[in-house]
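Working through the structure, step by step
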Amino acid sequence: MNSRSDGPGIEGRTVLVTGGGTGIGRACALRLAADGAAVTICGRTEDRLTETADLAREAGVAPVLSVVADVTVEADVARAVEVASDADGVLHGVVANAGGAGGIGPYHLLDAADYLRVLTLNLMGTMHCVKHAIPALVRSGCGSFVGMSSIAGHVTHLNFGAYPVAKAGIEAMMRNAADDYGPAGVRFNAVQPGFTTTELMEGIPREGPTYASYITNTPMGGVAHPDDVAEAVRFLLGPESRWITGQMLAVDGGHHLRAGPDFRPLLGLSEDQLLGRGEGHGR
């Protein structure tokens with residue numbers, strides 16, 4: 001069965017959004033549902049998923065289904081893809097949004113286990129989604145996969161640990177997958193949010209120097225709302241972007257034109273400690 005839609009929008013298209021219980025994932029799910037997509041969200045916390053589904057119902061948009069799943073567990077991702085696909089095993093889109101940071105600091109003080117945890121969540125979580133969604137996306141005849149990168153994937157973030165490396169890896173994955181599966185009609189792109197008002201960024205004091213470094217280096221000033229990112233995702237999933245693949249779309253108010261943010265003030269370390277001089281060693 002060829003489930004390709006030649007219409008102008010995404011009504012009726014099946015889409016899986018990982019990490020759909022909060023922040024950017026929630027905004028993406030609601031935006032896609034507003035255009036009539038058949039959206040399934042997954043995440044580790046059932047209550048948050050239920051909140052997103054309730055918001056969709058209150059907004060009067062297409063229903064949002066949910067499934068509890070951890071993207072670092074391959075079997076969970078396979079199950080989420082199965083739930084999100086239609087009766088013919090067709091999936092039109094994936095938003096691999098689930099991810100997170102942690103363990104910030106200079107490299108000589110980083111905890112290796114925490115570093116690996118961040119890489120696993122972001123990189124392997126996305127890879128699991130690619131692996132298990134491919135057959136269903138190919139069946140659609142117009143599959144589109146959107147990875148969630150970050151400004152951190154291409155602009156250095158002082159002392160931000162594994163997160164920049166993980167996001168750079170996602171960008172490389174999207175480019176390679178775009179080349180691999182272009183002949184099958186499946187597109188792979190990513191969005192690169194800058195500072196966005198999500199739970200991930202709540203730990204940055206709004207009156208502190210790290211937040212100020214974001215604002216100073218953003219030509220448009222201010223920060224993004226999750227809805228700003230959701231609009232870019234909607235474009236990349238829809239037929240309007242049918243000839244776009246292997247691209248990284250920055251949603252950062254121009255921050256990529258300047259320097260990355262400075263996380264050193266959050267660590268409370270001296271210059272000698274930051275640079276590995278004198279006492280101090282990795283854990």
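Look a little higher up for the structure.
All of the points below concern the structure found in this document. What you are looking at is a predicted structure, and each value in this text was computed from that prediction instead of being measured.

About the thresholds
Residues numbered from 1 in each chain as written. Predicted model: local features only at pLDDT ≥ 70, side-chain atom pairs only at ≥ 80, totals over all residues. Heavy atoms only, no water. Salt bridge = Lys/Arg side-chain N within 4 Å of Asp/Glu carboxyl O. 1 Å grid on protein atoms, 1.4 Å probe; cavity = no way out; pocket = protein on both sides within 12 Å on 5 of 7 lines; lining within 4 Å. Points joined across faces, edges and corners; volume = space filled by probe spheres on them. Helix = DSSP H or I, 4+ residues; strand = E, 2+ residues; numbered from the N terminus. Nonpolar A, V, L, I, M, F, W, Y, C, P; charged D, E, K, R; others polar. Phe/Tyr/Trp six-rings, centres within 6.5 Å; stacked < 30°, edge-to-face > 60°. Buried < 20%, exposed > 50% of the residue type's maximum accessible area, 1.4 Å probe, protein only. Expected span 1.5 Å × (residues − 1). Contact = heavy atoms within 4.5 Å. Axes fitted to C-alpha atoms, helices over the stretch in contact; angles between N-to-C directions. Parallel < 35°, antiparallel > 145°, perpendicular 65-115°, else oblique. Left-handed = near helix turned anticlockwise from the far one by under 90°. Core = buried A, V, L, I, M, F, W, Y, C linked by side-chain atoms within 4.5 Å. Pairing = 2+ DSSP bridges. Right-handed = clockwise from strand over helix to strand, strands pointing away.

A few words on the pattern of salt bridges. Evaluation of the coordinates by the stated rule reveals twelve salt bridges. Across the salt bridge formed by R31 and D35, the nearest N and O atoms sit 3.2 Å from each other. A network of salt bridges, in which partner residues are shared, links R31, D35, E231, R234 and E240.

The next thing to look at is the layout of surface pockets. Computed from the structure, the largest pocket encloses a volume of approximately 810 Å³. Broken down by element, the residue count for the lining of the largest pocket peaks at three residues, all from helix α1 (residues 23-34). A per-class count over the lining of the largest pocket returns 18 nonpolar, 17 polar and six charged.

We now examine the packing of aromatic side chains. All told, the structure shown has eight aromatic pairs when counted by the stated rule. Aromatic pair F195 and Y211: ring centres 5.2 Å apart, planes at 85°, arrangement edge-to-face. Residue F195 is located in the loop between β6 (187-193) and α6 (209-216), and its partner Y211 is located in helix α6; the two are separated by 16 residues in the primary sequence. Per residue, the accessibility class of F195 equals that of Y211, and both read buried. Seen in terms of ring centroids, Y214 and F263 are 6.3 Å apart; in terms of plane orientation they differ by 85°. Their pairing is edge-to-face. One end of the pair, Y214, is in helix α6; the other, F263, is in the loop between β7 (248-251) and α8 (271-275), and 49 residues separate them in sequence. According to the relative accessible area criterion, F263 is buried, its value standing at 2%. Each residue in the set F160, Y163, F195, Y211, Y214 and F263 is aromatic and connected to the rest through ring pairs, giving one cluster.

Owing to its 3.6 residues per turn, the α-helix brings residues three or four apart onto one side. Along its twelve residues, helix α7 (residues 226-237) runs 17 Å from first to last C-alpha, staying within 8% of the 16 Å computed at 1.5 Å per residue. Those residues of α7 not exposed but buried are P226, V229, A230, A232, V233, R234, L236 and L237. Residues of α7 that are buried sit in contact with β1 (14-18), α1, β4 (93-96), β5 (144-148), β6 and β7.

Quick look at the packing of helix α3 (residues 74-84) against helix α4 (residues 112-140) now. Orientation of α3 relative to α4, taken along the N-to-C sense of each, is 45°, at an axis distance of 9 Å. Judged by the inter-axis angle, α3 sits oblique to α4. For the crossing formed where α3 meets α4, the hand is right-handed. Residues E74, V77, A78 and V81 of α3 form the contact with α4, whose participating residues are H128, C129, K131, H132 and A133. Tallied by class, the residues present in the contact of α3 with α4 amount to five nonpolar, two polar and two charged.

As a further point, take the nonpolar core. With 29 residues, the main nonpolar core has L91, V130, L137, F145, M174 and F188 as its most contacted residues. In terms of residue count, the dominant contributor to this core is α4 (seven residues). Beyond its immediate chain neighbours, meaning those up to four positions away, L91 contacts T14, V15, L16, V81, A84, S85, A133, A136, L137 and S140. Residues V15, V17, I24 and L236 belong to the second largest nonpolar core, which totals 27 residues.

The next subject is the pairing of strand β2 (residues 38-43). Of all six residues in β2, five are buried; the element is thus mostly enclosed. Strand direction decides the pairing type here: β1 and β2, joined by five bridges, are parallel. Opposite V17, over in β2, you have I41 as the bridge partner. Note on the crossover from β1 through α1 to β2: the handedness is right-handed. Looking at chain direction, β2 and strand β3 (residues 64-68) are connected through five bridges and run parallel. By the bridge assignment for β3, T40 is matched with L65. Of the crossover connections in this fold, the one passing from β2 over helix α2 (residues 46-59) to the parallel β3 is right-handed.

Keep in mind that these numbers describe shape and distance, not what the molecule does.
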